[in-house]
Structure formats: structure tokens, C-alpha cells
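Observations on the three-dimensional arrangement
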Amino acid sequence: MRRFNVSWAWIAVAGAAGLFPAIASAQAVTYGPSQYLSFADSPFQPLSFTWFHLEDFEDHLLNTPGVTGQPGGVASVVFGPSIHDSVDADDGSIDGSGLAGDDWFSSAGSSGVNFIFDAAVLGSLPTHAGIVWTDGAGTVSFQAFGPGDVPIAAIGPVSDASFPDGSFSGTTAEDRFFGVEDAGGISRIFISNSSGGIEVDHLQYGRAGVAPPPTAIPLPPAVWSGLSALGILGLGAVRRRI
């Protein structure tokens, strides 16, 4: 077997030059696509966070802190006060229709929508971020990026028999949650569909408590004395063998 000595500096340069494909974060966990009719369906709902934000666009604004969206805008503003495809429960009841709520809309689903997080405003990047896809056509793709806009995770492109369902009249059985978790922080999420416009809702992001490194427990003096004695005896045995 031949052995090869590889310079890590060379690997870093080659990676920066794009000679190697981007590698997803080993610690990233993806969620979805999973059916979603209300926040109760979010995989983040039962978790514990140091801070957490849910944007449902029902005040016709994107005004949760530390995030911007592009392209597109709140559907009632950029598209007009007509057909919207909100998360089902946002109109007060789960009734199979998202027409009475509000969401985020962009006319070009294939170009997708980005939600970008600002660590300076939030105090840190979120460790969890997700979005609910509510309308579009073709196949749906989701990506997440870490610090420095490095890709950390991806889902899709995906579709199944009922998702997307081919309807643009506010149906909600097709709504799907896409999300990611990464302790290293999430700087941006991106979602797209391959045809038509795109609508998304229930942008959610937060920071889970990150466990501190383990603290060394001081040993009693008697234990330290015993360990020292064993060390001296071991050293003597080594010297006798030389």
C-alpha cells in the first residue's frame, strides 16, 4: 500500500478555488418536508430556546427582528388584497383554506426566496430555522447556509402525489415545512420551486441553548497524592527496563 503525504494547506487552497465540491456540515440536521397546518405541527414547537421568533405575516409586514427577505414581499402588499395562500390556522380555524391569511410571495419560484439572518441584531445566529412552503408548482428545494454563507444542508428537489397539488386557490393539504438545525449557526435559508410563483409562510428561527464545555472537577489532595505515587512507580519500572 502506498502512502501519500497531503498538505492541508494545499487542500484549503484547492477548496477555496472550487476544486472540491462544498461539503455539508457534519452537525446539520434537516427537517421535512412535513405536513403543516399550524404552529403545533412545527418540529421546533416542543424545543427549548434562549430566543425564538415566528413570523406569520398576519400584520402584513416582515417585522420580526434580525431577518430580511428577498426577493418578493408580503403577499397582500406586493400581490394585492386577493388570493393568498397562508398557513391554514392563521385565519382562526383549520378549514382547508389559506385564502383569508397572509404570507410571503415572489413571482418567480425558480429564482427562489432567501431569508437572511443578522447576528449583529439578534446577538448571534440562529441554530434553528425553517419555513413553510404553501404554494407553487413543479418540485421544491430548500437550502441552508452557515457563517460566511457556506452551504450546510439541503433538501430536494422533492414532490409527491399531493405536493404540490396543482391548485392555486388556497388549498392547505399541500403545505410543507422545511427546516434545519446547526449548532454552528445559520446565516441564510433559501427555498424555491421549479415552476410558477412561490408562496411561503411561518418563517421561524431561534437559538437553542448551546452546552458549555465540561468543567474540570478538582480532585481531593489525597487522590492527587495517590496518582503522583503511581506515576513515580511507573517511571521507575520504565527505567529498570531500559
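Residues numbered from 1 in each chain as written. Predicted model: local features only at pLDDT ≥ 70, side-chain atom pairs only at ≥ 80, totals over all residues. Heavy atoms only, no water.

1. A word on the overall build of the protein chain
Threshold: Helix numbering and strand numbering both begin at the N terminus, where a helix is a DSSP run of H or I of at least 4 residues and a strand a DSSP run of E of at least 2. Three labels apply to residues, based on accessible area from a 1.4 Å probe with only protein chains included: buried if under 20% of the type maximum, exposed if over 50%, partly exposed otherwise in between. Should any heavy atoms of two residues lie within 4.5 Å, those residues are considered in contact. Areas reported as accessible are Shrake-Rupley estimates using a 1.4 Å probe. Residue values count occlusion only from the protein chains shown.
Tallying secondary structure elements over the protein chain gives four helices and 10 strands in all. Helices and strands appear in the protein chain in the N-to-C order α-β-β-β-β-α-β-β-α-β-β-β-β-α. A burial count over the protein chain gives 39% of its 242 residues as buried. For the protein chain, the proportion of contacts with a sequence separation of at least 24, taken over those separated by at least 6, is 79%. Of the roughly 13,000 Å² of accessible surface on the protein chain, a fraction of 62% belongs to carbon and sulfur atoms.

2. A look at the packing of aromatic side chains
Here is the rule: For Phe, Tyr and Trp, where Trp contributes only its six-membered ring, two rings pair if their centres lie within 6.5 Å, and the inter-plane angle classes them as stacked under 30 degrees, edge-to-face over 60, or tilted in between. Criterion for a charge above a ring: Arg CZ or Lys NZ at most 6 Å from the ring centre, at most 35 degrees from the ring normal.
For the structure shown, the criterion picks out 13 aromatic pairs. Relative to Phe177, the ring of Tyr36 lies with its centre 6.0 Å away and its plane at 15°, an arrangement referred to as stacked. With a gap of 141 residues between them, Tyr36 in the loop between β1 (29–35) and β2 (49–55) and Phe177 in strand β9 (residues 176–181) connect regions that are remote in the sequence. An identical accessibility class is assigned to Tyr36 and Phe177; each is buried. Taken together, a centroid distance of 5.0 Å and an interplanar angle of 45° make the contact between Phe117 and Tyr205 tilted. You can see Phe117 sitting in strand β6 (residues 113–117) and its partner Tyr205 sitting in strand β10 (residues 188–208), a full 88 residues away along the chain. Across this residue pair, the class does not change: Phe117 and Tyr205 are buried. One aromatic cluster is present, formed by Tyr31, Tyr36, Phe39, Phe44, Phe49, Phe52 and Phe177 through successive ring pairs. Above the face of the Phe145 ring, Arg188 is positioned so that its terminal group lies 3.8 Å from the ring centre.

3. Overview of the side chain of Asp90
Definition in use: Working convention for charge: Lys and Arg count positive, Asp and Glu count negative, and His plus the chain ends are omitted. Put simply, a salt bridge is a Lys or Arg side-chain nitrogen that is within 4 Å of an Asp or Glu carboxyl oxygen. Think of a polar contact as two N or O atoms within 3.5 Å of one another; within protein, one of them needs to be a possible hydrogen donor and the other a possible acceptor, and neighboring residues in sequence only count if both atoms come from side chains.
For Asp90, the location among the structural elements is in the loop between α2 (75–78) and β5 (104–106). An unpaired buried charge is present at Asp90: no salt bridge exists, and Arg176, the closest side chain of opposite charge, is 16 Å distant. A distance of 3.3 Å separates a polar atom in the side chain of Asp90 from a polar atom in the side chain of Ser86. A distance of 2.9 Å separates polar atoms of two side chains, one belonging to Asp90 and the other to His202. If sequence neighbours within four positions are ignored, Asp90 has contacts with Asp56, Glu58, Asp201 and His202.

4. Quick notes on the confidence of the model for the protein chain
Segments scoring low in pLDDT should not have their predicted coordinates read at a detailed level. This is how it is decided: A score from 0 to 100, pLDDT tells how confident the predictor is in each residue.
Scored by pLDDT, the protein chain comes out at a mean of 83, with 76% of its residues at no less than 70. Note on residues 1–22: pLDDT is under 50 here. Beyond four places in sequence and across chains, it has seven contacts. The model gives residues 230–242 a pLDDT under 50, and that stretch makes zero contacts with residues more than four places away or in other chains.

5. What about a nonpolar patch on the surface?
Let me state the cut-off plainly: Like charges within 9 Å and nonpolar side chains (Val, Leu, Ile, Met, Phe, Trp, Tyr) within 5 Å are joined into patches, using only residues over 30% in relative accessible area that form no salt bridge.
Nonpolar side chains collect at one region of the surface, where Val77, Val78, Phe79, Ile83 and Leu99 lie side by side and expose about 450 Å² of accessible area between them. Within the secondary structure, Val77 sits in helix α2. On the basis of relative accessible area, Val77 is assigned to the exposed category, the value being 58%.

6. As for the nonpolar core
Operational definition: Buried Ala, Val, Leu, Ile, Met, Phe, Trp, Tyr and Cys residues that are joined via side-chain atoms within 4.5 Å together make up what is termed a nonpolar core.
Core analysis: the largest hydrophobic core is formed by 29 residues, its most contacted members being Phe115, Phe117, Phe142, Ile189 and Ile191. Every element with two or more residues in this core is listed here: β6, β7 (128–145), β8 (151–158), β9 and β10. With residues near it in sequence (within four places) discarded, Ile189 still touches Val113, Asn114, Phe115, Phe117, Ala129, Gly130, Ile131, Phe142, Gln143, Ala144, Val180 and Leu203. Counting residues in hydrophobic clusters, the runner-up holds eight residues, among them Tyr31, Val87, Val132 and Phe177.

7. Some thoughts on the pattern of salt bridges
Counted by the stated rule, this structure contains two salt bridges. Among the salt bridges present, the one from Arg188 reaches Asp149, with a minimum N-O distance of 2.9 Å. Of this pair, Arg188 sits in strand β10 while Asp149 sits in the loop between β7 and β8, and the two are 39 residues apart along the sequence. Here Asp149 falls in the partly exposed class, since its relative accessible area comes to 38%. One salt bridge in this structure joins Arg176 and Asp160, with 3.9 Å as the shortest N-O distance.

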